[in-house]
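Working through the structure, step by step
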Amino acid sequence: MTSPEHNVADALRVVALRLEEALERGRRSKDFDANDLLQTLLAVADCLDPQTTDAETRLDTLPY
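This is a predicted model, so every value here is computed, not measured. (Residues numbered from 1 in each chain as written. Predicted model: local features only at pLDDT ≥ 70, side-chain atom pairs only at ≥ 80, totals over all residues. Heavy atoms only, no water.)

If you tally the helices and strands in the protein, you get three helices and zero strands. Within the protein, buried positions represent 23% of all 64 residues. Nonlocal contacts in the protein, meaning residues at least 24 apart in sequence, comprise 62% of its contacts between residues at least 6 apart. When the accessible surface of the protein is totalled, it reaches about 4600 Å², and 56% of it is carbon and sulfur. (Helix = DSSP H or I, 4+ residues; strand = E, 2+ residues; numbered from the N terminus. Buried < 20%, exposed > 50% of the residue type's maximum accessible area, 1.4 Å probe, protein only. Contact = heavy atoms within 4.5 Å. Areas by Shrake-Rupley, 256 points an atom, 1.4 Å probe, with all protein chains shown as cover.)

Written as C-alpha cells, this is what we have:
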C-alpha cells in the first residue's frame, strides 16, 4: 500500500516527465506563465484523483 505522500510524488513525477518530453519535442516554450502553472496543477490533481477524469487523457490534451 502506498502512502498519500508517495501518491503525490508519483503524480508530480508523471507531470514533470510529460512537461520535459514536450519541451524536448519543441511543443512547449521554456517560458512559463500563470496559465501554464494552472494547467500543470490541474494535471497533478487529475493524477491524484483519477475518478473525476482519466488522468492520462487529460495529460495528453494539455498544451505541453
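Another point: the nonpolar core. The biggest cluster of nonpolar side chains holds five residues, and these are Ala 11, Val 15, Ala 43, Val 44 and Cys 47. When residues of this core are assigned to their parent elements, the largest contribution, three residues, is made by helix α2 (residues 34-48). (Core = buried A, V, L, I, M, F, W, Y, C linked by side-chain atoms within 4.5 Å.)

Together, Val 8, Leu 12 and Leu 48 give the surface a local cluster of nonpolar side chains, amounting to about 230 Å² of exposed area. Take Val 8: it is sitting in helix α1 (residues 4-25). The class of Val 8 is partly exposed, set by a relative accessible area of 35%. (Patch = residues over 30% accessible without salt bridge, like charges linked within 9 Å, V, L, I, M, F, W, Y side chains within 5 Å. Salt bridge = Lys/Arg side-chain N within 4 Å of Asp/Glu carboxyl O.)

Quick look at the confidence of the model for the protein now. Looking at the protein, pLDDT values average 80 and 78% of them are 70 or higher. Across the protein, the element-wise mean pLDDT spans from 56 in helix α3 (residues 55-61) up to 88 in α1. (pLDDT = per-residue confidence, 0-100.)

Turning next to α1. The terminal C-alpha atoms of α1 lie 32 Å apart, and with 22 residues this matches the ideal 32 Å at 1.5 Å per residue to within 8%. Along α1, the residues classified as buried are Ala 11, Val 15, Leu 19 and Ala 22. End-on, the buried residues of α1 take up no more than an arc of 65 degrees, which puts them together on one face. Turned more than 90 degrees away from the buried face of α1 sit Glu 5, Arg 13, Glu 24 and Arg 25, all of them exposed. Of the residues flanking the end of α1, it is Gly 26, one or two places downstream, whose phi is positive at about 80 degrees. (Expected span 1.5 Å × (residues − 1). Arc of directions from axis to C-beta.)

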